[in-house]
Amino acid sequence: MKYQHALALNPYARDSTATMGVFPSTGLEYIATNMKDLVGKVTLLDLRYEPEYQDAEALSGFIRKEIDLLCISITWSSQFSAICDFIAGLPDEVTTVVGGNKATAEVETIFERCPNVDIIVRGEGEDTIKDIVNDLPLKDIQGLSYRENGKIIHNANRDLPDILHVPYPDRSLRRHPYRWTQNGVQVSNLTFDTVLASRGCPFNCRFCTFNLNPLGQKRKYVERQLESVVEEIKGITADVIMFSDDNFFTNPERSKLLCDQIIANGIKKSFIVQTRIEITRDEELLKKTEQAGFKIFLVGVESPHDKILKHFNKGFNQSQIREAFKIFNKYNIFIHGYFIYGNIGETEEEMVYIAQFAKELKLDSISFQKLRVDKFSPLKEVIENTPGYHYTASHGSVYSDRYSIKDLKRIRNRIRFKFYTLPQLGRLFRKIYRLHMISDREWLGVFMALPGILIDALKKEFKKTRKRKLTK
Ligand code: SF4
């Protein structure tokens with residue numbers, strides 16, 4: 001055995017997404033689980049939950065004393081520069097392997113900025129990490145870039161792993177449960193986990209890079225065996241499970257079987273899924289999901305405008321979205337809509353219309369992102385060939401001669417304040433209450449942790465009322 005003690009490290013001390021640290025680092029846990037029987041010991045450290053190791057010096061002390069293989073996951077574009085600095089401050093003498101989506105897209109930059117990084121795993125890394133810990137010659141391992149005699153060697157890409165034979169994350173490697181915390185304060189006693197029941201998505205939305213890895217390899221839609229998924233869920237102690245599948249209901253018949261098994265096994269959890277609107281064509285499935293505990297649907301609506309939906313190759317139009325939401329709203333499900341603004345040819349008023357459209361659909365909450373391109377996203381070429389449109393080098397955020405990044409931020413705030421009004425917040429909390437997602441005692445914590453966005457909305461509403469009173 002070449003390595004006695006491997007450290008699998010999530011280097012992000014704070015979350016890069018809106019999920020507020022409630023969910024584990026799934027990709028890193030897959031890597032840790034896949035190498036655990038091939039090394040003496042694995043320690044899994046998620047810095048969001050390990051304040052004593054957030055300081056590079058303290059972490060370096062632990063690494064020098066204990067660790068002979070350091071595996072780090074770099075997933076997000078945000079904080080990328082700070083994460084590179086953090087990694088560069090870790091010990092040079094320990095074999096350091098970096099992987100993850102962002103690492104795959106930024107191989108050269110990471111080698112340049114982090115002289116202590118020896119190897120970068122590109123693409124999905126479950127098989128590659130096994131070859132590394134089994135001490136295969138680096139030149140023979142596909143999917144790697146590594147240093148040799150002062151040069152960077154890039155091996156050929158590796159085929160995507162066969163997920164039917166990839167073990168799911170071993171939760172016993174965790175050092176703590178995952179809870180909802182805000183600014184370091186625990187909001188709720190609920191515990192959270194994630195399950196990946198399938199990988200890939202058969203659709204081809206033009207803006208999407210979920211089902212492409214940063215090497216441009218498209219992940220064919222593949223399903224794990226249902227028995228294995230149910231076995232995994234049965235072993236989970238968390239109250240809330242999010243399926244990280246790109247599009248959970250791709251195979252409705254399989255989804256029904258999964259619901260049946262959840263019910264038959266007496267599994268009492270709350271589930272969160274990402275889905276397309278097509279699920280509303282199958283009300284039998286919607287009924288089953290309600291019975292099985294599926295409480296939050298994250299729905300990719302993307303835009304209210306047919307010209308943009310068509311350009312995205314989304315596969316549906318505004319009137320189909322409206323019809324789908326009439327059906328969604330018959331069920332006791334919390335529905336969150338994803339939107340993209342700042343699209344090619346989109347005017348400010350068209351962007352702001354997202355808020356009104358979302359209200360017409362009776363969405364409980366929404367999030368909206370600027371149009372972005374990734375290294376291999378099909379949109380990159382489109383933006384490059386559209387006069388007046390550009391993207392930032394750091395995040396791939398698209399902007400134009402007409403709407404700068406600053407303008408887009410202002411527009412984002414307009415959408416936000418138009419949607420998150422007091423009545424809307426009331427609707428949102430009523431829905432959470434109806435779904436019994438939070439106990440009575442936890443409401444206080446939730447209110448105290450209301451994100452800035454909601455507090456801003458309240459302030460704005462207050463100012464408006466005051467102004468009205470003063471003008472009377
Ligand atoms: S349905 Fe979702 S995951 Fe699939 S290609 Fe479209 S945006 Fe991507």
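Everything here concerns the structure above.
Before going into details, it helps to say that this report is about the structure given with it. No experiment lies behind these values; they were computed from the predicted model shown.

1. As for the overall build of the protein chain
In terms of helices and strands, the protein chain carries 17 helices and 18 strands. Every one of the 472 residues in the protein chain was classed for burial, and the buried ones make up 54%. In the protein chain, 74% of the contacts between residues at least 6 apart in sequence involve partners at least 24 apart. Roughly 22,100 Å² of accessible area belongs to the protein chain as shown, and the carbon and sulfur atoms make up 52% of that amount.

2. Some remarks on the nonpolar core
Counting 72 residues, the largest nonpolar core has Phe243, Phe294, Phe297, Phe325 and Ile366 as its most contacted members. The greatest single-element share of this core, amounting to 7 residues, is contributed by helix 12 (residues 348–361). Of all hydrophobic cores here, the second largest spans 29 residues; its members include Phe62, Cys84, Val107 and Val117.

3. Remarks on the site of the ligand
Around the ligand, 10 residues are found, and the nearest of them are Cys201, Phe203, Cys205, Cys208 and Arg276. Residues that form the shell around the ligand fall into these classes: 6 nonpolar, 1 polar and 3 charged.

4. Here we look at the packing of aromatic side chains
Within the structure shown, the criterion is met by 17 aromatic pairs. Aromatic pair Phe249 and Phe294: ring centres 6.3 Å apart, planes at 50°, arrangement tilted. Taken together, the positions of Phe249 in the loop between strand 12 (240–243) and helix 8 (252–264) and Phe294 in strand 14 (residues 294–302) put the pair 45 residues apart, joining distant regions of the chain. Its relative accessible area of 6% is what places Phe249 among the buried residues. When its relative accessible area of 1% is taken as the criterion, Phe294 is described as buried. Following the ring pairs from residue to residue traces out a cluster consisting of Phe243, Phe248, Phe249, Phe271, Phe294, Phe297, Phe325 and Phe328. For Arg276, the ring lying beneath its charged end belongs to Phe203, and the centroid distance is 3.6 Å.

5. Side note on the side chain of Arg276
Turning to its location among the elements, Arg276 is positioned in the loop between strand 13 (270–275) and helix 9 (283–292). Given a relative accessible area of 7%, Arg276 falls into the buried group. For Arg276, the side chain forms a polar contact with the side chain of Glu278, separated by 2.8 Å. At a separation of 2.7 Å, a polar atom in the side chain of Arg276 contacts the main-chain carbonyl oxygen of Lys314.

6. What about the environment of Ala56?
Among the structural elements, Ala56 can be located in helix 2 (residues 56–66). Ala56 gets classed as buried once you look at its relative accessible area, which sits at 19%. Between the C-alpha atom of Ala56 and that of Leu90, which follows or precedes it by 34 residues, the distance is 6.3 Å. Dropping the residues within four chain positions of it, Ala56 is found in contact with Phe86, Gly89 and Leu90.

7. Focus: the sheet that holds strand 7 (residues 151–154)
If you trace the 7 strands from one edge of the open sheet to the other, you get 2-1-3-4-5-6-7, paired in mixed fashion. Among the strands making up the open sheet, the edge pair consists of strand 2 (41–46) and strand 7. Each adjacent strand pair in this sheet contributes to an overall mean axis angle of 20°, direction not counted. Where strand 5 (residues 119–121) lies against strand 6 (residues 144–148), 3 bridges are found, and the strand directions are antiparallel. Residue pairing in the sheet places Ile120 in a bridge with Ser145 of strand 6. Strand contacts of helix 2: strand 1 (5–10), strand 2 and strand 3 (69–73), with the helix running at about 160° to strand 1, the strand carrying the most contacts.

8. What to know about the pattern of salt bridges
For side chains bearing opposite charge, pairing can occur when the charged atoms are close. Applying the stated criterion across every chain, the model contains 35 salt bridges. Here Glu283 ties to Lys330 by a salt bridge, and the two come within 3.1 Å at their closest N and O atoms. Of this pair, Glu283 sits in helix 9 while Lys330 sits in the loop between helix 11 (318–328) and strand 15 (334–341), and the two are 47 residues apart along the sequence. Under the relative-accessibility criterion, Glu283 is labelled partly exposed at 24%. Among the charged side chains, a network of salt bridges with common partners joins Glu29, Arg171, Arg174, Asp193, Arg224 and Glu232.

9. Section: the pairing of strand 1
Taken across its 6 residues, strand 1 has 6 buried, putting it largely inside the fold. Across the two faces of strand 1 the burial is the same, with His5, Leu7 and Leu9 and Ala6, Ala8 and Asn10 all buried. Examined bridge by bridge, strand 1 and strand 2 share 6 bridges and lie parallel to one another. Paired with Ala6 across the bridge in strand 2 is Val42.

So, how was this worked out
- Residues numbered from 1 in each chain as written.
- Predicted model: local features only at pLDDT ≥ 70, side-chain atom pairs only at ≥ 80, totals over all residues.
- Heavy atoms only, no water.
- Helix = DSSP H or I, 4+ residues; strand = E, 2+ residues; numbered from the N terminus.
- Buried < 20%, exposed > 50% of the residue type's maximum accessible area, 1.4 Å probe, protein only.
- Contact = heavy atoms within 4.5 Å.
- Areas by Shrake-Rupley, 256 points an atom, 1.4 Å probe, with all protein chains shown as cover.
- Core = buried A, V, L, I, M, F, W, Y, C linked by side-chain atoms within 4.5 Å.
- Near = heavy atom within 4 Å.
- Nonpolar A, V, L, I, M, F, W, Y, C, P; charged D, E, K, R; others polar.
- Phe/Tyr/Trp six-rings, centres within 6.5 Å; stacked < 30°, edge-to-face > 60°.
- Lys NZ or Arg CZ within 6 Å of the ring centre and 35° of its normal.
- Polar contact = N/O pair within 3.5 Å; in protein donor to acceptor, adjacent residues only side chain to side chain.
- Pairing = 2+ DSSP bridges.
- Axes fitted to C-alpha atoms, helices over the stretch in contact; angles between N-to-C directions.
- Salt bridge = Lys/Arg side-chain N within 4 Å of Asp/Glu carboxyl O.

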